[in-house]
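Listed here are the chains, written in short residue letters.
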Amino acid sequence: MFKFLFRTRHPGKVDIADILSWAWLFFGTTMVAIPIAWAILSSFKTEAEVNSFPPSLVPKAAETIELEGQSKPLSVWEWHKEGEESMRVALIRRIGIKATVVDIKNPEQTYQVPISEITQVKGVHFEWKNYTDPLKQFDFVTYIKNTVFVTFVATILTLVLNSMAAFALSKYRFRGKNAIFMLILSTLMLPLSVIMVPAFIVVVGLNLADNLWGVIFATVATPTGVFMLRQYMLTIPDDLIEAARVDAASEFRIYWRVVLPLCAPAIAVLAIFSVIWRWNDFLWPLIVLSSPENYTLQIGLNTFQGQFSVQWHYILAMTVIALLPVTVVFLLLQKYITQGVASSGVK
Amino acid sequence: MKALIHKVAEGLDRLMRMIEAPTLVLQKKIGIHRMGYVFLAPNMVLFSLFVFLPVGLAIAYAFTGGTNMLIWDRPYVGLENFSRLLNCKNYMEPATCEFDLFWTAIHNTWWYTLLNSIGTLLMALITALVLNRLVRGKAFFRAVFFYPVLLSPVVVGLIWKWFLARNGLLNGFIENLGGERIIFLLEVFWSRFWVVYISIWFHMGFFTLIILAGLQAIPSDIYEAAQVDGTSRWRQFWRLTLPLLMPNLLVVAVLLLIRSVQVFDEAWVLTDGGGPGTANTFIVQFIYQTAFNSEVRLYGLASAASVLMGLVLLILTLAQVWLAKKSEY
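Criteria and thresholds
Residues numbered from 1 in each chain as written. Chains lettered and ligands numbered in written order. Predicted model: local features only at pLDDT ≥ 70, side-chain atom pairs only at ≥ 80, totals over all residues. Heavy atoms only, no water. UniProt positions renumbered as here; feature names shortened; annotations may be inferred. Helix = DSSP H or I, 4+ residues; strand = E, 2+ residues; numbered from the N terminus. Buried < 20%, exposed > 50% of the residue type's maximum accessible area, 1.4 Å probe, protein only. Pairing = 2+ DSSP bridges. Contact = heavy atoms within 4.5 Å. Buried area = accessible area lost by both parts, 1.4 Å probe. Salt bridge = Lys/Arg side-chain N within 4 Å of Asp/Glu carboxyl O. Polar contact = N/O pair within 3.5 Å; in protein donor to acceptor, adjacent residues only side chain to side chain. Nonpolar A, V, L, I, M, F, W, Y, C, P; charged D, E, K, R; others polar. Disulfide = S-S within 2.5 Å. Patch = residues over 30% accessible without salt bridge, like charges linked within 9 Å, V, L, I, M, F, W, Y side chains within 5 Å. Areas by Shrake-Rupley, 256 points an atom, 1.4 Å probe, with all protein chains shown as cover. 1 Å grid on protein atoms, 1.4 Å probe; cavity = no way out; pocket = protein on both sides within 12 Å on 5 of 7 lines; lining within 4 Å. Points joined across faces, edges and corners; volume = space filled by probe spheres on them.

If you look chain B up in an unreviewed UniProt entry, it shows as ABC-type sugar transport system, permease component from Gynuella sunshinyii YC6258. Here is the UniProt Sequence similarities (unreviewed entry) comment for chain B, exactly as written: "Belongs to the binding-protein-dependent transport system permease family." Comment text from UniProt for chain B, heading Subcellular location (unreviewed entry), reads "Cell membrane".

If you look chain A up in an unreviewed UniProt entry, it shows as ABC-type sugar transport system, permease component from Gynuella sunshinyii YC6258. Quoted verbatim from the Sequence similarities (unreviewed entry) field of the UniProt record, the comment on chain A reads "Belongs to the binding-protein-dependent transport system permease family."

This is the structure we're talking about:
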């Protein structure tokens, strides 16, 4: 491991550039990892721990103990006596700066101690309730369902519609083909931000406002997808299609049974990106959806943080849920994603 | 998961068999090559509805006033929306303009675009150069730097909001070092700083990959020849790498400009919608607020602002296409 990490371009020689490079990589990795790891770890903290300062890294919670003769579980504290060994005690009540504690080993024995002499004992504790509570009390289950629906349907439609268009543009000769292709390409430079107002008006006109289908339909015809698949289909020899025609296959069957399976690698890349895009979408659903039962996870999360900005323990847990699928997809398909970006500049 | 994929594939197959029959009839009627139109049709319908029609509408709405949504209920006002947006005594002072928020947004966007583009380009270039040097571990570090690109803007906004919170980790560090806690997102300077910083953090990996692809396209025998001539590494960078990479870098720079002008999502989440005050209100946010988030929905004014922004983006895109064409040779 050590050898691997410190391998240099010229064996046996470490020059300044190597040191600087590794310093940059180390620095960059920390910059990326710390905020994310910190948020994920914090999502397992109890409400009190989330709000405490100075912040701790590991999720911890106050330890409690049930003692004979006490009706409620008591919190465990450490009593630092001057010149003596410290002792574990349980707190019964606290009035002003005086606390009444009970010796854990000897539950009959109670003491009056100044609170400056005691500190609370905390143990590592993962608060799973942060994840289950919002799902029960708030609409997060609905948001997740909506997001899964949008992501799933939009991705299928994206793949089918874009591959059909790409098939037409790569394997047929018809009038206006190049003009249509240029027209589609030119929409690459039309970001949603420029046309969001009239696009919303169109959605209203189609009676799809505040409807998940309004979110889906506006996003499935992507110039990126058409372009990517067309370039890929150009590499499929036309002879193959001619052969299928000789065998009396219908044009639709040729698309579905011959061309599409051969495009699997390109389809897979587009599928990965479509899933990531749709899962992460924010501005367009924000415009189209207005009632909470139709919110997607991203919109729900943003609204939730606006309304309950003190409940960070819930916000962070739901944030982790929102980043989880994308992270899993990335960990599994990292190679294809980075290659897809490097070769075609999608995202 | 596998069962689900299988089920979906099966369902799609059944659907396709159903679709096949009518297309066959159509095919016999119109001939094989006109089937191209049939395959294009669904996509073009959606394109027309959600892209081409909105472009036309954006221009049409920009010349209308009032608060009605339907275009035929809206009075034609000519260039009034544009002249109101551009009505300004001193363009450097948003307060002297009729729509001061618009000009504040323009100034904010302009500064953001400048800082974000330079920052991202530099960071991505350095990272790509470092990654390109690596003998091993390249895939791992490429993945690390790229990962944030895939996160959603809401997630990025919330993670950083928490990191920068009053009792967040950063303030923990600061207090540990003997400093005072800072409420970062309520101070104008700091909130602006973090919006730019987080944008760089968020999108840098994407541009790193693109520059890295450019670096790897430089033939290695050029360097071998330089090595034989005894050219120093530093000189190799300035005289070979940078000039050979320049077309690629210019394309990346324009791409960065195009994206920066459209800043919205992560800044919106991070700053609770542009705060403190209007310190982080950008143009897209102005359009969004004017059209959807205010008492009177001023579609005409928002469309006029969209058209102006579209023109800027059009110029930048033409520059990018031109540069991309040039860099191919």
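Next comes the rest of the description.
Engineer: Tell me about the UniProt feature "transmembrane region" (unreviewed entry) in chain A, and please be specific about residues and values.
Structural biologist: Residue and element names in this part refer to chain A. UniProt marks residues 21-41, 148-169, 181-206, 212-233, 254-277 and 312-333 with the feature "transmembrane region" (unreviewed entry), using the numbering shown here. When the span residues 181-206 is considered, its composition is 77% helix and 0% strand, and the gap between its end C-alpha atoms is 26 Å. Regarding residues 212-233, the helix share stands at 91% and the strand share at 0%, and the terminal C-alpha atoms are separated by 32 Å.

Engineer: So what about the pairing of strand β5 (residues 98-103) of chain A? Which residues, and what values?
Structural biologist: Put simply, side chains in a regular strand alternate between the two faces of the sheet. Residue and element names in this part refer to chain A. Extensive coverage of β5 is indicated by the burial of five of its six residues. Direction of pairing for strand β4 (residues 87-95) relative to β5: antiparallel, over a ladder of six bridges. Its bridge partner being in β5, R94 is matched across the sheet by A99. Count of turn residues in the β4/β5 antiparallel hairpin: two residues, of which G96 carries a positive phi of about 60 degrees. Pairing geometry for β5 and strand β6 (residues 110-114), over five bridges, is antiparallel.

Engineer: Describe unusual backbone geometry, naming the residues involved and giving the relevant values.
Structural biologist: Glycine aside, a negative phi is what most residues show, and trans is what most peptide bonds show. The phi dihedral of A:A248 falls on the positive side, at around 65 degrees, and the residue is not glycine. Following the sequence through the fold, A:A248 ends up in the loop between α10 (238-246) and α11 (251-262). Residue A:A248 is classed as exposed on the basis of its relative accessible area, which comes to 66%. Backbone geometry places B:D272, a non-glycine residue, at a positive phi of 55 degrees.

Engineer: I'd like to hear about the interface of chain B and chain A, residue by residue, with values.
Structural biologist: Contacts between the two partners involve 103 residues from chain B, matched on the other side by 104 residues from chain A. Approximately 9600 Å² of surface area, both sides summed, lies buried where chain B meets chain A, with 77% of it carried by carbon and sulfur atoms. At the junction of chain B and chain A, the tally comes to three salt bridges. Of the charged contacts, one joins A:R253 and B:E20 as a salt bridge, the two residues approaching to 3.0 Å between their closest N and O atoms. At the surface where chain B touches chain A, the tally comes to 20 residue pairs in polar contact (both at pLDDT 80 or more). Looking at which element gives the most residues to the side of chain B that touches chain A, the answer is helix α2 (residues 35-62) of chain B, with 21 residues. Residue classes in the side of chain B that touches chain A are distributed as 71 nonpolar, 18 polar and 14 charged.

Engineer: Which residues make up the state of the cysteines, and what values go with them?
Structural biologist: All names here are of chain B. In this structure the tally under the stated criterion is one disulfide over all chains. C88 shares a disulfide with C97; S-S distance 1.6 Å. Of the two residues examined, C88 and C97, each falls in the buried class.

Engineer: Any chance you could break down a nonpolar patch on the surface for me, citing the residues and the numbers?
Structural biologist: All names here are of chain B. There is a patch of nonpolar side chains on the surface, built from W110, W111, L114, L115, I118 and L122 and spanning about 640 Å² of accessible area. Within the secondary structure layout, L114 lies in helix α4 (residues 100-133). For L114, a relative accessible area of 32% gives the class partly exposed.

Engineer: Please provide a residue-by-residue account of empty space enclosed by the protein, values included.
Structural biologist: Using the criterion set out here, one finds three cavities of 30 Å³ or more in the structure. The space that makes up the second largest cavity amounts to roughly 60 Å³. In terms of lining, the second largest cavity is formed by A:F252, A:R253, A:W256, A:R257, B:D13, B:M16, B:R17 and B:E20. Counting only elements with at least two residues in the lining of the second largest cavity, the list comes to α11 of chain A together with α1 (2-30) of chain B. In terms of residue class, the lining of the second largest cavity is made up of three nonpolar, no polar and five charged.

Engineer: Describe the UniProt feature "domain: ABC transmembrane type-1" (unreviewed entry) in chain B, with residues and values.
Structural biologist: The positions UniProt marks with the feature "domain: ABC transmembrane type-1" (unreviewed entry) are residues 106-320 of chain B. For residues 106-320 of chain B, the helix share is 75%, the strand share is 0%, and the end-to-end C-alpha distance is 22 Å.

Engineer: Give me the lowdown on the pairing of strand β3 (residues 74-79) of chain A, citing residues and values where you can.
Structural biologist: All names here are of chain A. For β3, a buried count of five out of six residues is recorded, marking the element as mostly surrounded by other parts of the structure. Bridge count for strand β2 (residues 64-65) against β3 is two bridges, and the pairing is antiparallel. Counterpart to I65 in the pairing with β3 is L74. Of the strand pairs in this sheet, β3 and strand β7 (residues 118-120) are connected by three bridges, and their pairing is antiparallel. Paired with W77 across the two strands is Q120, which belongs to β7.

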